[in-house]
Amino acid sequence: MSIYAVSGIGNNTAKILYPSMSSEAKLQKIDIKNPATGSKYAEVMLQPVSLPLVAELLNLSSKVKIKEYVKQIVFGS
């Protein structure tokens, strides 16, 4: 993912979505830095996807809230 992030495609950011059962899981960011200068090249983000919340939202008759949640975790708030 770090190679993708520094490849110049997009905004030098890569995001990994991972399933989580914990309500306390939070977005984590890893900076990719130039070892010679210490300047930031890119960023890799680890984004939890709350499986209990997804299950709850899928059980609702309206799918608006699940669409909003997916948009939030994929594109940010």
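Counting from 1, residues in each chain are numbered in the order their sequence is written. A pLDDT threshold of at least 70 governs which residues receive local features in this predicted model, and a stricter bar of 80 or more applies before side-chain atom pairs are shown or counted, although totals over entire chains, interfaces and linings include all residues. To get the side-chain values, all heavy atoms of the structure are used, and hydrogens and water are removed first.

**Re unusual backbone geometry**
Consideration 1: Positive phi outside glycine occurs at Asn 12, with the angle close to 55 degrees.
Consideration 2: Going along the chain from the N terminus, every DSSP run of H or I of four or more residues is numbered as a helix, and every run of E of two or more is numbered as a strand. Along the chain, Asn 12 turns up in the loop between α1 (2-6) and β1 (13-20).
Consideration 3: Residue exposure (1.4 Å probe, protein chains only): buried if accessible area is under 20% of the type maximum, exposed if over 50%, otherwise partly exposed. Judged by its relative accessible area of 28%, Asn 12 is partly exposed.

**Re the layout of surface pockets**
Consideration 1: Method remark: on a 1 Å grid restricted to protein atoms, a set of points is classed as a cavity if a 1.4 Å probe fits but cannot get out and as a pocket if it is open with protein on both sides within 12 Å along at least five of seven lines; lining residues have an atom within 4 Å of a point. Grid points are joined across faces, edges and corners, and a volume is the space filled by probe spheres set on the points. In this structure, the largest pocket spans a volume of roughly 340 Å³.
Consideration 2: Among the elements of the structure, β1, β3 (40-50) and α3 (64-75) are those that each provide at least two residues to the lining of the largest pocket.
Consideration 3: For this classification, the nonpolar set comprises Ala, Val, Leu, Ile, Met, Phe, Trp, Tyr, Cys and Pro, the charged set comprises Asp, Glu, Lys and Arg, and every other residue, Gly included, is treated as polar. Tallied by class, the residues present in the lining of the largest pocket amount to 10 nonpolar, nine polar and two charged.

**A few points about the environment of Glu 43**
Consideration 1: Tracing the backbone shows Glu 43 in strand β3.
Consideration 2: In this structure the side chain of Glu 43 is engaged in a polar contact, spanning 3.3 Å, whose partner is the side chain of Lys 40. Counting of polar contacts relies on pairs of N or O atoms within 3.5 Å, with two restrictions inside protein: one atom must be capable of donating a hydrogen and the other of accepting it, and residues adjacent in sequence are counted only when both atoms are side-chain atoms.

**Comments concerning the pairing of β3**
Regular strands have side chains that alternate between both faces of the sheet.
Consideration 1: Where burial is concerned, most of β3 is hidden: eight out of the 11 residues are buried.
Consideration 2: Two elements, β1 and β3, share eight bridges in a ladder whose sense is parallel. Bridge pairing links Ala 14 to Val 44 in β3.
Consideration 3: Strands pair, by our definition, only if DSSP identifies at least two bridges between them. Note: strand β2 (residues 28-33) against β3, six bridges, orientation antiparallel. Residue Lys 33 lies in a different strand from β3, and its bridge partner there is Lys 40.
Consideration 4: Between β2 and β3, which pair antiparallel in sequence order, lie six residues; one of them, Gly 38, sits at a positive phi of approximately 80 degrees.

**Quick word on the confidence of the model for the protein chain**
Consideration 1: Residues of the protein chain with pLDDT of at least 70 account for 96%, and the chain-wide mean is 89.
Consideration 2: The quantity known as pLDDT measures the predictor's confidence residue by residue, on a range of 0 to 100. Highest mean pLDDT in the protein chain belongs to helix α2 (residues 51-58) (94); lowest belongs to α1 (73).

**Structural notes on the pattern of salt bridges**
Consideration 1: When a carboxyl oxygen of Asp or Glu is within 4 Å of a side-chain nitrogen of Lys or Arg, the pair counts as a salt bridge. Applying the stated criterion across every chain yields a total of two salt bridges.
Consideration 2: A salt bridge links Lys 40 to Asp 31, with the nearest nitrogen and oxygen atoms 3.5 Å apart.
Consideration 3: Note that Glu 43 is salt-bridged to Lys 40, the shortest N-O span being 3.3 Å.
Consideration 4: The class for Glu 43 is buried, based on a relative accessible area of 14%.
Consideration 5: The partly exposed category is assigned to Lys 40, whose relative accessible area is 47%.
Consideration 6: One connected set of salt bridges, linked through shared partners, spans Asp 31, Lys 40 and Glu 43.

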